[in-house]
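Architecture and fold: a report
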Amino acid sequence: MRLEEGKGDRESEKRHFSRQFQTTLLRRCTSPLKSSINYQKKLTTTNAHIFFCILQQQDDDLPILVALIMGLQHAFAMVGGLIVPPYVVMRFSVSFADTDLQQYAIACSLILSGIFTILNCIQFKIPGTKYVFGTGMLSVLGTSFGFLPIYENAIRTMVRNEGYSGKDAYGKMLGTTMVCAMLEVVLSFVPKDKIRRMFPNIVTGVAVMLIGAGLTATGIKYWGGGAVCAEMAWKNNPQVYGLVGKGGTWFGPDQTGVAPFPGSGGRSMCDGNGDVIKPFGSPEYIALGFSVVLMLILVELFGSPFMKNANVIIALLFGYFVAGVSRAEGNKFVPDTKIENAEPITFAWVENFPIGFYGPAVLPLLIAFLVTSVETIGDLPATYEASEEDTESEEFDKSVQGGLLSDGLCSFAAALATGMPNTTFSQNNGVIALTKCASRRAGVCCGLWLIALGVLSKISGIISSMPDAVVGGMTTFLFCNVFVSGLSVVSKADLNSRRNRIILAISMGVGLGVTAVPWIFGDQREGGGTAPFWPCTGPFREGADCNKGERGIRDGILILLTTPYSIGTLLAMFLHGILPTDMEVVGYSADAGKA
């Protein structure tokens, strides 16, 4: 039956279409490479939903209006994840007080992700070779969460231990990222099967879970009022309060001992929630964060598919609204100054950072690029499956190679343009499955939306004025989503295998332990170089303080040991390499957990 034959009597066709034809038609409607959707209409019968599509060749793309609407859904699905990493790094590691810098980082992330998404969707053949740049799919690129803990740890170490300014430290991380990104470029020319054998699901899953676990611990600190005041809350303990400060103001003449920064009135307080200054864990902060989680739940219960795809931005804006109309003792959670002071428009390179190189961050960054490479190899099959394309085809192999090359070169370009590294975003596969639209033109429009959102600086002003507690409510959800993604990867491995369970238990045990108690290896806040594991100064250092060379080696090793997924991934890789594949024990019960 030809599609044109049904134009005269569409009601009759609805009653007589065969199930085989409906299945074939639906499969063709979602093809991103062989066809695109110019028209999609949902018709409801008693027992089924039938989709009618007018199909054309790849070059005959979606109408502009349809592509813009589809692209907007993809942009909303990823914008929440895009703004968090640069905002967290700039606000909590580079410069807490520099609002302009925070707004610029948000805008830059959106703009660069938009540009790279467009390039990735189009796909370019490298002249004179069989290789390509880009996936040629509706596959989007965005700022990666995986690099966030490394950037935070490294920048804080440079500021705390070596006296660099936040901007100088960030510039050194950008330069180091440009060098390390070449690893993913090299991996793009290695057959994907070899990479997967080197990094099986049990190793990759551990890495992704520990990324999520480490970040979730940070997110809950923001929810309680702020990461800095969370780590300084011990100063409010009655046992040390007399040593910290007393009197009306901590900087007054009657001050004794250590200043409880951040704080006021002789107490350690949170000052990242507008004009509201409260101790960490105050109910006002908890309620603000919970408003975001509540909206996430409501959207899942009652929202349309479009709302569910945009649940992050909807919940974040709702939390922002609640904070905007709320008051605590007459003080505002959202002052107007940050939005009013934001420039009307902006672009990349408006801010500059002195490019440098930081050796101690090289190994953690290389591990991060390895992990994101394996993630990309895993995400692209999901994109093909959502698009109902063949993952055994030559086009698929070309998309994987082009995707890895795109990730590596775009991460290099992002650092050159003052942004954090990029990687393939997997959450947009859900949008493809729900909308039944995998046209690359929708991906291009998604990139255009992201660029527009970044250029309009007032949007960045709104985001940067959000209280820490609102950001914490959202980031706790987003970061734990990363953990759940890792759990999904690990579930593909044989968890009844004794070998896999030992790899998982040891690597996750150390990684989660470091997440809970990072100072087992590292320095406590405001105590740079004093960790007993390897002291460079302070009461546990015997003899003179470390010289610059020793401090650099120390900082590199401690960054590796205190970043949960760095140490956990290394352990998983090591165990995967040395444990024999035939170590199963007769009579071993996986459920009992013992031989």
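If you're wondering where the values come from, they're calculated on a predicted model, not measured in any experiment. (Residues numbered from 1 in each chain as written. Predicted model: local features only at pLDDT ≥ 70, side-chain atom pairs only at ≥ 80, totals over all residues. Heavy atoms only, no water.)

Brief notes about the overall build of the chain
- Secondary structure assignment for the chain yields 24 helices and 10 strands.
- Burial statistics for the chain: of 595 residues in total, 53% are counted as buried.
- Here the contacts in the chain between residues at least 6 apart in sequence split such that 76% fall between residues at least 24 apart.
- For the chain, the exposed area adds up to about 25600 Å²; of that, 62% sits on carbon and sulfur atoms. (Helix = DSSP H or I, 4+ residues; strand = E, 2+ residues; numbered from the N terminus. Buried < 20%, exposed > 50% of the residue type's maximum accessible area, 1.4 Å probe, protein only. Contact = heavy atoms within 4.5 Å. Areas by Shrake-Rupley, 256 points an atom, 1.4 Å probe, with all protein chains shown as cover.)

Concerning the nonpolar core
- By size, the foremost hydrophobic cluster in this structure holds 130 residues, and its most contacted members are Y151, Y170 and M173.
- Apart from the residues within four sequence positions on either side, M173 is in contact with I150, Y151, A154, I155, M158, Y358, A361 and L365. (Core = buried A, V, L, I, M, F, W, Y, C linked by side-chain atoms within 4.5 Å.)

Some words on the packing of aromatic side chains
- Using the criterion set out here, one finds 5 aromatic pairs in the structure.
- Each ring, one from Y131 and one from F189, has its centre 4.8 Å from the other, and the planes form 80°; the classification is edge-to-face. Highlighted residues: Y131 in the loop between β3 (124–125) and β4 (132–133) and F189 in the loop between α7 (182–187) and α8 (192–198), separated in sequence by 58 residues.
- What makes Y131 partly exposed here is its relative accessible area of 26%. (Phe/Tyr/Trp six-rings, centres within 6.5 Å; stacked < 30°, edge-to-face > 60°.)

Remarks on the state of the cysteines
- The full count for this structure, using the stated rule, is 2 disulfides.
- The side chain of C229 participates in a disulfide bridge whose partner is C270; the two sulfur atoms lie 1.9 Å from each other. Its torsion about the S-S bond being 85°, the disulfide of C229 and C270 is classed as right-handed. Note that C229 is positioned in helix α10 (residues 227–232) and C270 in the loop between β7 (267–268) and α12 (283–302), a separation of 41 residues in sequence.
- When its relative accessible area of 4% is taken as the criterion, C229 is described as buried.
- Classification of C270 by relative accessible area gives buried; the value is 0%. (Disulfide = S-S within 2.5 Å.)

Digging into the environment of S188
- Among the structural elements, S188 can be located in the loop between α7 and α8.
- Spatially, the C-alpha atoms of S188 and G402 are 7.1 Å apart, while their sequence positions differ by 214 residues.

Description of the pattern of salt bridges
- Scanning the model with the defined rule gives 7 salt bridges in all.
- In this structure, R91 and D468 form a salt bridge, with 2.9 Å as the shortest nitrogen-oxygen distance. Residue R91 is located in helix α3 (residues 64–94), and its partner D468 is located in helix α21 (residues 468–490); the two are separated by 377 residues in the primary sequence. Of the two residues, R91 and D468, both sit in the buried class.
- A salt bridge links R554 to D555; the nearest nitrogen and oxygen atoms lie 3.2 Å apart. (Salt bridge = Lys/Arg side-chain N within 4 Å of Asp/Glu carboxyl O.)

Brief notes about the confidence of the model for the chain
- When pLDDT is averaged across the chain, the result is 78; 80% of the residues are at 70 or more.
- When mean pLDDT is taken per element in the chain, helix α6 (residues 166–180) scores highest with 95 and strand β2 (residues 49–56) scores lowest with 33.
- In this model, residues 246–260 is a region of pLDDT below 50 whose contacts with residues beyond four sequence positions or in other chains number 35 contacts.
- Predicted confidence for residues 585–595 stays below pLDDT 50, and this span has 13 contacts to residues more than four positions away or in other chains. (pLDDT = per-residue confidence, 0-100.)

Description of a nonpolar patch on the surface
- Together, F290, L294, I297, L298, L301 and F302 make up an exposed nonpolar region whose accessible area comes to about 610 Å².
- Among the structural elements, F302 can be located in helix α12.
- Using a relative accessible area of 68% as the deciding quantity, one classes F302 as exposed. (Patch = residues over 30% accessible without salt bridge, like charges linked within 9 Å, V, L, I, M, F, W, Y side chains within 5 Å.)

A closer look at the environment of V132
- Structurally, V132 is set in strand β4.
- We classify V132 as buried; its relative accessible area is 4%.
- Spatially, the C-alpha atom of V132 lies 9.6 Å from that of V400, the residues being 268 residues apart in sequence.

A look at the packing of helix α9 (residues 201–223) against helix α22 (residues 498–516)
- Across the interface, α9 lies against α22 with an axial gap of 10 Å and an inter-helix angle of 20°. In terms of orientation, α9 lies roughly parallel with respect to α22. As for the relative orientation of α9 and α22, their crossing is right-handed in sense. Mapping the contact onto sequence places I202, V206, M209, L210, A213, G214 and A217 in α9 and N500, I503, L504, S507, M508, G511, L512 and T515 in α22.
- Partitioned by chemical class, the residues of the contact of α9 with α22 number 10 nonpolar, 5 polar and no charged. (Axes fitted to C-alpha atoms, helices over the stretch in contact; angles between N-to-C directions. Parallel < 35°, antiparallel > 145°, perpendicular 65-115°, else oblique. Left-handed = near helix turned anticlockwise from the far one by under 90°. Nonpolar A, V, L, I, M, F, W, Y, C, P; charged D, E, K, R; others polar.)

With respect to the packing of helix α23 (residues 548–562) against helix α24 (residues 564–578)
- Look at α23 against α24: their axes get within 4 Å of each other, and the N-to-C directions meet at 80°. Of the possible angle classes, the one that applies to α23 and α24 is roughly perpendicular. Note on element contacts: α24 touches α23 through P564, S566, I567 and L570, opposite L560, L561 and T562.
- Split by residue class, the contact of α23 with α24 holds 5 nonpolar, 2 polar and no charged.

Things to note about the environment of S326
- Position of S326 relative to the elements: it lies in the loop between α14 (311–325) and β8 (327–328).
- Taking the C-alpha atoms as reference points, S326 and L288, 38 residues apart in sequence, are found 9.2 Å from one another.
- Residues contacting S326, with those up to four places away along its chain left out, are N331 and F333.
- A distance of 2.5 Å separates a polar atom in the side chain of S326 from the backbone oxygen of V322. (Polar contact = N/O pair within 3.5 Å; in protein donor to acceptor, adjacent residues only side chain to side chain.)

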